[in-house]
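Now for the letters of each chain:
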Amino acid sequence: MPAVTVENPLTLPRVAAPADALSRPVLAVTTAPSGFEGEGFPVRRAFAGINYQYLDPFIMMDQMGEVDYAPGEPKGTPWHPHRGFETVTYLIDGTFVHQDSNGGGGTIRNGDTQWMTAGSGLLHIEAPPESLVMSGGLFHGLQLWVNLPASDKMMAPRYQDIRGGQVQLLTSPDGGALLRVIAGELNGHEGPGITHTPITMIHATLRPGAQIDLPWRKDFNGLAYVLAGRGAVGTERRPVRMGQTAVFGDGDSLTVWADDTQNGSHTGDLEIVLLGGRPIREPMAHYGPFVMNSQAELRQAVEDFQAGRLGSIPAVHGLGEPGVGETQG
C-alpha cells in the first residue's frame, strides 16, 4: 500500500481531541457486499444497507480491489455519463487514466486523487494505461460520490488532480498513526481538495495497538471504512475489520483502535478511511449515474444524455456508445 507515507511520523504535526470532547457512539457496523463494476473489476459496496440519513452528503463508495492482476487482466469502465454530484477517485495502488467529453482528465497513480465535479453533466471514461494492461500488477483504490446541493447541480464541470505529495500529513500524539487529510480540515490542518459540499476525507494508517482520538465537527456526520486490517471504533470498542463501515452518532470526536495483531493485512497495519460531511438535507433522486432532486430532473438528465447534450465521445477512441446504466466512474 504505497499511498504517501513518512519514515518518522513524529516529525509531523500531532492531533488529538480535547480531554473534554464528547466521543461519538457507534450506531451500526455494516459489511460491504462484493460485486463487479465497469468491464469487470471487483468492488466492495461500502455503504450498502446504510440509511441515507446517516450518509448525507455522501451517496456511495466503492473499494476497488485490492487485486493483483495478471498480464492482460486490468480493467476499467466504458464511457458513461454523470450529472449532479462529484466523484472522488483515490488510487492507493496502480494507475488509472481519466478522460471526459470536455477534454478534461489525466493520470493518477499511487496516492493520487482525482476530484471530478460532474455538475451539469459530461461523458467520462476510466481505464488502466496500455502498459499496465500488458504487464498486470496491483490495483487498489476508492471511489466516493459526494452529492451537490440543488444550487450547484448544474454548475460547469471541473477537475482537481490532487497528487499524493500534496495531502496534509498528521500524526497522533505518540506517532502511532499516520493521517492523510485529502479534503477538508482536521484540527485546523487543511487538505488540498476543494469541496462544494463541506466534507472531511482522511486515510489513516494505525500501527498495531495504536489509537487515534480525533476532534470532529459537530455539524458533520461520521463514517469509518476499513480498507485493511482489524480494529475497534468508539469508546465501546466495537470490533471492525476489512470491508466494514462504522456509522457514528452525535459528538465532537472519533475514536479508533488498531488490534495488537493485524492478521490479513499485508501491510501489518490497520488502514481506515474516515469521512464526515455537513448534511445537505434536500430531496435526492438517484438513477444510475445521475443524482438530482426530483424525478422530473432525472427524466431531464436522461433526455439530455440521449440527445447528446452531455457531450460526445472523442472520435480518436473509436469506442461504442456510453451506457446510462453505468454507475461507476
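What counts, and at which threshold
- All residue numbers refer to positions counted from 1 along the written sequence of the respective chain.
- Only residues with pLDDT of at least 70 get local features here, since the model is predicted, and only at 80 or more are side-chain atom pairs given and counted; chain-wide, interface and lining totals rely on the full set of residues.
- Remark: hydrogens and water are excluded; side-chain values derive from all non-hydrogen atoms of the structure.
- In this scheme, strands are said to pair when DSSP sees at least two bridges between them.
- Secondary structure is summarised from DSSP: a helix means a run of H or I of at least four residues, a strand means a run of E of at least two, and numbering begins at the N terminus for each.
- Only the stretch in contact is used when a helix axis is fitted, and all axes are lines through C-alpha atoms; the angle between N-to-C directions ranges over 0 to 180 degrees.
- Any pair of residues with heavy atoms lying within 4.5 Å of one another is described as a contacting pair.
- Here is the rule: rings of Phe, Tyr and Trp (six-membered ring for Trp) pair when centre to centre is within 6.5 Å. Planes less than 30 degrees apart are stacked, more than 60 are edge-to-face, and the remainder are tilted.
- Relative accessibility decides the category of a residue: with a 1.4 Å probe and only protein chains considered, values under 20% of the type maximum give buried, values over 50% give exposed, and everything between is partly exposed.
- Throughout this description, the term charge over a ring refers to an Arg CZ or Lys NZ atom that lies within 6 Å of the ring centre and within 35 degrees of the ring normal.
- Here, the term nonpolar core denotes a set of buried Ala, Val, Leu, Ile, Met, Phe, Trp, Tyr and Cys residues that are joined through side-chain atoms within 4.5 Å.

One open sheet accounts for 7 strands, arranged 1-22-19-24-17-14-13; its pairing is antiparallel. Two strands bound the open sheet, and with one partner strand each, they are strand 1 (26-31) and strand 13 (168-171). Direction aside, neighbouring strands of the sheet carry axes that sit 20 degrees apart on average.

Residue position: T95 is located in strand 7 (residues 95-100). Setting aside its immediate chain neighbours within four residues, T95 contacts T107, I108, R109, P128, P129, L132 and F139.

Looking now at the sheet that holds strand 5 (residues 77-82). In spatial order, the strands read 5-10-7-8; together these 4 strands make up an open sheet with antiparallel pairing. Only two strands of the sheet have a single partner each, and these edge strands are strand 5 and strand 8 (105-109). For this sheet, the mean angle separating the axes of adjacent strands, direction not counted, is 20 degrees.

This part is about the packing of aromatic side chains. Across all of its chains, the model carries 4 aromatic pairs by this definition. Relative to F139, the ring of Y69 lies with its centre 6.4 Å away and its plane at 40 degrees, an arrangement referred to as tilted. Remark: F139 occurs in strand 11 (residues 137-147) and Y69 occurs in strand 4 (residues 58-69); sequence separation between them is 70 residues. For the pair Y69 and F139, one class covers both residues: buried. Relative to W145, the ring of F85 has its centre 4.4 Å away and its plane inclined at 35 degrees; by these criteria the two rings are tilted. On the criterion of sequence distance, the pair formed by F85 in strand 6 (residues 85-93) and W145 in strand 11 is long-range, its members being 60 residues apart. Neither F85 nor W145 differs from the other in exposure class; each is buried. Aromatic ring contacts, followed pair by pair, group Y69, F96 and F139 into a single cluster. Lying across the ring of W257, R237 places its NZ or CZ 4.2 Å from the centre.

Now for the nonpolar core. In terms of nonpolar packing, the biggest core is built from 31 residues, with F47, F58, M61, L144, M201 and L275 touching the most fellow members. Elements supplying a minimum of two residues to this core: strand 4, strand 6, strand 11, strand 14 (177-183), strand 17 (199-206), strand 19 (222-228) and strand 24 (270-277). Residues in contact with L275, not counting those within four places in the same chain, are F47, F58, M61, L144, T200, M201, W216, N221, G222 and L223. The next biggest cluster of nonpolar side chains, apart from the first, holds 27 residues, and it includes L214, A224, L254 and A258.

Residue P57 is bonded to the preceding D56 through a cis peptide linkage, with omega at 20 degrees. Note that P57 resides in the loop between helix 1 (52-55) and strand 4. In this structure, E66 follows G65 across a cis peptide bond, with omega equal to 15 degrees. At R281, a position not held by glycine, the phi torsion is positive, near 55 degrees.

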